[in-house]
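Architecture at a glance
Chain by chain, the residues:
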Amino acid sequence: MTEATLHTAAVWTEIGFAGAALLALLFVDAPYGRHARPGWGPTMPSRLGWLLMESPAVVLFAGIYALGDRAWQAAPLALAGLWMFHYVHRTLVFPFRMRESGKRMPVVIAAMAFVFNTLNAYVISRWISHLGEYEVSWLWDPRFLVGAALFGIGSGINHRADTVLIGLRRPGETGYRIPEGWLFDRITSPNYFGEILEWFGFAIATWSLAGLAFAVFTAANIGPRAFANRRWYRETFPDYPPERKALIPFVW
């Protein structure tokens, strides 16, 4: 079996994971954060869980990427830079910004995320550094420019939404409040909207099935959670604004 064949199989495995995740999450809310509940086995501190489950997206990605024949060419480096911009923050910064004192997550959730991130680190890093072909002219191709712009807009939305949510709690607090202002007046989960936009932008910037597979998985994984979050807010806070959409402003 050639590596190209193996890589294609890995990409389609991700797409299969996306279908399985969507089907499961339509019926079961993933048991972490505001949806945490007993019955999911051993737990671990939430901050440690985030660090461990996201670590392959930085450590493994960097190691595999560096082995690629095209790793040090300009266009692959630019694509890797987009990836690392997101995941260095998500792995090494975001967990320490969270005000999650005393909160825990099921080990099984962290383990499943670790497995997926390991697969995805291979799929994306190997594609952009070795199996894909990106000449320097790709940096001014409209597909890269549009994709990078969408990635940047999505990243900005994601980071600002995280900042708003973190700011709802004072140090040491663990409760929830209704977020107000900005996109939160339109949708329940701007953080998820921004992240989905990021990875569809990345898919366009890479113009690859590998990038699209991850974008589809992202939408399948966190899209249903936006609807679960809105349902939770409506059940928890009787004054939650009824006109707010779950995920996409004015639409859904």
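Refer to the structure above for everything that follows.
The model shown is predicted, which means the values in this text are computed figures rather than measured ones. Within any chain, residue numbers begin from 1 and follow the written order of that chain's sequence. Only residues with pLDDT of at least 70 get local features here, since the model is predicted, and only at 80 or more are side-chain atom pairs given and counted; chain-wide, interface and lining totals rely on the full set of residues. Heavy atoms throughout the structure, all of them, feed into the side-chain values; hydrogens and water do not.

Below, the discussion takes up unusual backbone geometry. Backbone geometry places W182, a non-glycine residue, at a positive phi of 55°. For helices the rule is a DSSP run of H or I covering at least 4 residues; for strands it is a run of E covering at least 2, with both sets numbered from the N terminus onward. Mapped onto the fold, W182 is located in the loop between α6 (142-167) and α7 (190-206). Despite not being glycine, F250 shows a phi value in the positive range, around 70°. Along the chain, F250 turns up in the segment after α8 (209-236). Overall, F250 belongs to the exposed group, its relative accessible area being 62%. Throughout, exposure labels follow a simple rule: accessible area from a 1.4 Å probe, protein chains only, divided by the maximum for the residue type, with under 20% read as buried, over 50% as exposed, and the rest as partly exposed.

Moving on, we come to the nonpolar core. Ranked by internal contacts, the top residues of the largest apolar core, which has 38 residues, are F61, W83, V123, I124 and W199. The greatest single-element share of this core, amounting to seven residues, is contributed by helix α5 (residues 107-131). Counting residues in hydrophobic clusters, the runner-up holds eight residues, among them M53, F94, M105 and A110. Nine residue types can take part in a nonpolar core, namely buried Ala, Val, Leu, Ile, Met, Phe, Trp, Tyr and Cys, and a core is a set of them joined through side-chain atoms within 4.5 Å.

Here we take up the packing of helix α4 (residues 74-97) against α5. To define axes, lines are fitted to C-alpha atoms, for helices over the stretch in contact only, and angles between the resulting N-to-C directions are given on a 0 to 180 degree scale. One way to put it is that α4 packs onto α5 with a least axis distance of 9 Å and a crossing angle of 155°. Classified by the angle between their axes, α4 and α5 sit roughly antiparallel to one another. Contacts between α4 and α5 involve P76, L79, A80, W83 and Y87 from the former and N117, N120, I124 and I128 from the latter. With respect to orientation, any angle under 35 degrees is reported as roughly parallel, any angle over 145 as roughly antiparallel, any angle of 65 to 115 as roughly perpendicular, and every other angle as oblique. Should any heavy atoms of two residues lie within 4.5 Å, those residues are counted as being in contact.

Here we come to the packing of aromatic side chains. Centre distance and the angle of the planes are the two values used to describe a pair of aromatic rings. Stacked, tilted and edge-to-face pairs are distinguished by plane angle, under 30 degrees for stacked and over 60 for edge-to-face with tilted covering the rest, among Phe, Tyr and Trp rings (Trp via its six-membered ring) whose centres lie within 6.5 Å. Under the defined criterion, the tally for this structure stands at 23 aromatic pairs. Aromatic side chains F61 and Y65 sit 6.0 Å apart centroid to centroid with 15° between the ring planes, which places their arrangement in the stacked category. Placement of both F61 and Y65 in helix α3 (residues 59-66) is noted, with a separation of four residues, approximately one turn of the helix. As far as the burial class goes, F61 and Y65 line up, both buried. Three or more aromatic residues link up through ring pairs in this structure, and these residues are F61, Y65, W72, W83, Y87, F116, F151, W199, F202, F214 and F217. Two conditions define a charge sitting above a ring: the NZ of Lys or the CZ of Arg must be within 6 Å of the ring centre, and it must be within 35 degrees of the ring normal. Of note, R90 hangs over the ring of F94, and the distance from its end group to the ring centre comes to 4.5 Å.

Take the packing of helix α2 (residues 46-54) against α5 next. It is at 8 Å that the axes of α2 and α5 come closest, and there the two elements cross at 20°. Viewed along their axes, α2 and α5 adopt a mutual orientation that is roughly parallel. Relative to α5, α2 is oriented so that their crossing is right-handed. When α2 is examined against α5, the residues G49, L52, M53 and E54 are found in contact with a partner set consisting of A110, A113, F114 and N117. Under this grouping Gly is polar, as are all residues other than the nonpolar Ala, Val, Leu, Ile, Met, Phe, Trp, Tyr, Cys and Pro and the charged Asp, Glu, Lys and Arg. By residue class, the composition of the contact of α2 with α5 is five nonpolar, two polar and one charged. Each crossing gets its hand from how the near helix is turned against the far one by less than a right angle, where anticlockwise is left-handed and clockwise is right-handed.

This part covers the environment of P106. Tracing the sequence through the fold places P106 in strand β2 (residues 104-106). Once you skip the residues sitting within four places of it in the chain, P106 turns out to touch P31, W40, P42 and T43.

The next point concerns the pattern of salt bridges. Note on definitions: salt bridges are taken to be side-chain nitrogens of Lys or Arg within 4 Å of carboxyl oxygens of Asp or Glu. Taken as a whole, this structure holds eight salt bridges when the rule is applied. Measuring nitrogen to oxygen at the nearest pair gives 3.6 Å for the salt bridge that ties R244 to D185. Here the residue R244 occupies a position in the segment after α8, and D185 occupies one in the loop between α6 and α7, the gap between them amounting to 59 residues. Look at R244 and you get buried, because its relative accessible area is 2%. Through salt bridges that share partners, R90, D162 and E195 make up one connected network.

Next up on the list: the environment of P249. With respect to the secondary-structure elements, P249 resides in the segment after α8. With 215 residues separating them in the primary sequence, P249 and R34 have C-alpha atoms 22 Å apart. Once you skip the residues sitting within four places of it in the chain, P249 turns out to touch L183, R186, I187 and F193.

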